[in-house]
Amino acid sequence: MIFIINKNANAYNTNNFLGRKNKTIFSVLILQLEKRIIEYFIGIGKTTVCKKIAFALEKKGSRFDGFYTEEVRDQRGSRIGFDIVRVKDPGNRLSLAKLTSTDAPNKSSPRYQVGNYHVFRDNFETIALPILDLDTDILLIDEIGKMELFSEDFKKKIMNIFFDSPKKAFVIGTIPQIHKTPQRHAELFEKLHADKGIKILKVTRGNRNDLPEEIIRYFS
């Protein structure tokens, strides 16, 4: 999913896009990426949409930052892991997760595992946590998922951004479908889905390529 949080709608022309009459209302847009799109269109999923949005924001000269998760593949094209990458500095990246067969976890440290992937929580926190505190107009978060939520500090910051006193005018991020969320974090995702300021749209094969441009059109 991709979502946009609008804390101060007067700063952007989002009134028609979000279907709100009151421009000062706290608005959130969530765009849901169906699982079948990820399965059959490898490399053209939610992260691709986020990267296209970031590219367009850069061209517009917007004040933004954030991070995204990017697949790592071997020479045969098989996925062997994920990197966490800073949006404004793609060279600033660390390994988020690797297949346990390609990178055995350090037995002296806690083991964080999602499926066959060993998750490097410390690497994630090194990149992600400072970014969440930046003074930006637009913040990109890809993603809020099982791997990232091994970090309790990350979860606390996300809860603050969404439900307490967020400093950002807009937040663009990704979350899994509600039935794919980890049970121990169910409350977080239930709150996102239950919030009346949240609108959920499904990203389909037919609209995903045009979606980044459609979203960017309302940051003017």
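The notes below deal with the structure included here. Worth saying up front: this structure is predicted, and the values here are computed from it rather than measured. (Residues numbered from 1 in each chain as written. Predicted model: local features only at pLDDT ≥ 70, side-chain atom pairs only at ≥ 80, totals over all residues. Heavy atoms only, no water.)

Here we look at the overall build of the protein chain
Counting its secondary structure elements, the protein chain contains 7 helices and 10 strands. Relative to its 220 residues, the protein chain shows a buried fraction of 49%. Accessible surface, the protein chain: about 11,400 Å² in total, of which carbon and sulfur atoms supply 48%. (Helix = DSSP H or I, 4+ residues; strand = E, 2+ residues; numbered from the N terminus. Buried < 20%, exposed > 50% of the residue type's maximum accessible area, 1.4 Å probe, protein only. Areas by Shrake-Rupley, 256 points an atom, 1.4 Å probe, with all protein chains shown as cover.)

Considering the side chain of E148
Position of E148 relative to the elements: it lies in the loop between β8 (138–142) and α5 (152–163). At 3.1 Å, the side chain of E148 and the backbone nitrogen of G145 are in polar contact. When neighbours within four sequence positions are excluded, E148 is seen to be in contact with T69, L96, F124, E143 and F154. (Polar contact = N/O pair within 3.5 Å; in protein donor to acceptor, adjacent residues only side chain to side chain. Contact = heavy atoms within 4.5 Å.)

Let's talk about the pattern of salt bridges
Where side chains of opposite charge bring their charged atoms close, a pairing between them can arise. Summed over the entire model, instances satisfying the criterion amount to 12 salt bridges. Close ionic contact of R63 with D135 constitutes a salt bridge, the shortest N to O distance being 3.9 Å. Of the two residues, R63 is situated in the loop between α3 (46–60) and β3 (64–73) and D135 in the loop between α4 (121–132) and β8; the sequence distance between them amounts to 72 residues. Classification of D135 by relative accessible area gives exposed; the value is 66%. Judged by relative accessible area, which is 41%, R63 ranks as partly exposed. Each of K51, E70, D83 and R93 takes part in salt bridges that share partners, so that together they form one network. (Salt bridge = Lys/Arg side-chain N within 4 Å of Asp/Glu carboxyl O.)

Quick word on the environment of T47
Assignment of secondary structure puts T47 in helix α3. Distance from T47 to T174, taken between C-alpha atoms, is 8.3 Å for residues 127 residues apart in sequence. With sequence-adjacent residues up to four places away left out, T47 is seen in contact with Y68, T69 and D142.

Side note on the nonpolar core
Grouped together as the largest cluster of nonpolar side chains are 31 residues, with contacts concentrated most on F67, L96, V119, I141, I144, M147 and F154. The set of elements that each furnish at least two residues to this core consists of β4 (79–86), β5 (89–99), β7 (117–119), α4, β8, α5 and α6 (186–194). For this core, the element with the most residues is α4, which contributes 6 residues. (Core = buried A, V, L, I, M, F, W, Y, C linked by side-chain atoms within 4.5 Å.)

A look at α4
Along its 12 residues, α4 runs 16 Å from first to last C-alpha, staying within 8% of the 16 Å computed at 1.5 Å per residue. Within α4 the residues assigned to the buried category are F124, E125, I127, A128, L129, I131 and L132. If you follow the buried residues of α4, they end up packed against β3, β4, β5, β8 and α5. (Expected span 1.5 Å × (residues − 1).)

Observations concerning unusual backbone geometry
For the bond from D142 to E143, the omega torsion is 20°, close enough to zero to count as cis. Considering the arrangement of structural elements, one finds E143 in the loop between β8 and α5.

Some remarks on the packing of α5 against α6
Two numbers describe how α5 lies on α6: the axes approach to 12 Å, and their chain directions differ by 15°. Overall, the two elements α5 and α6 adopt an arrangement that is roughly parallel. Considering only the axes of α5 and α6, their crossing is left-handed. Residues I158, M159, F162 and F163 of α5 form the contact with α6, whose participating residues are L188, K191 and L192. Class assignment for the residues of the contact of α5 with α6 results in 6 nonpolar, no polar and 1 charged. (Axes fitted to C-alpha atoms, helices over the stretch in contact; angles between N-to-C directions. Parallel < 35°, antiparallel > 145°, perpendicular 65-115°, else oblique. Left-handed = near helix turned anticlockwise from the far one by under 90°. Nonpolar A, V, L, I, M, F, W, Y, C, P; charged D, E, K, R; others polar.)

Describing α3
The end-to-end C-alpha separation of α3 is 21 Å, in line with the 21 Å expected for 15 residues at 1.5 Å each. Here α3 has its buried residues at K46, T47, V49, C50, I53, A54, A56 and L57. Looking at the residues trailing α3, positive phi occurs at G61, about 75°.

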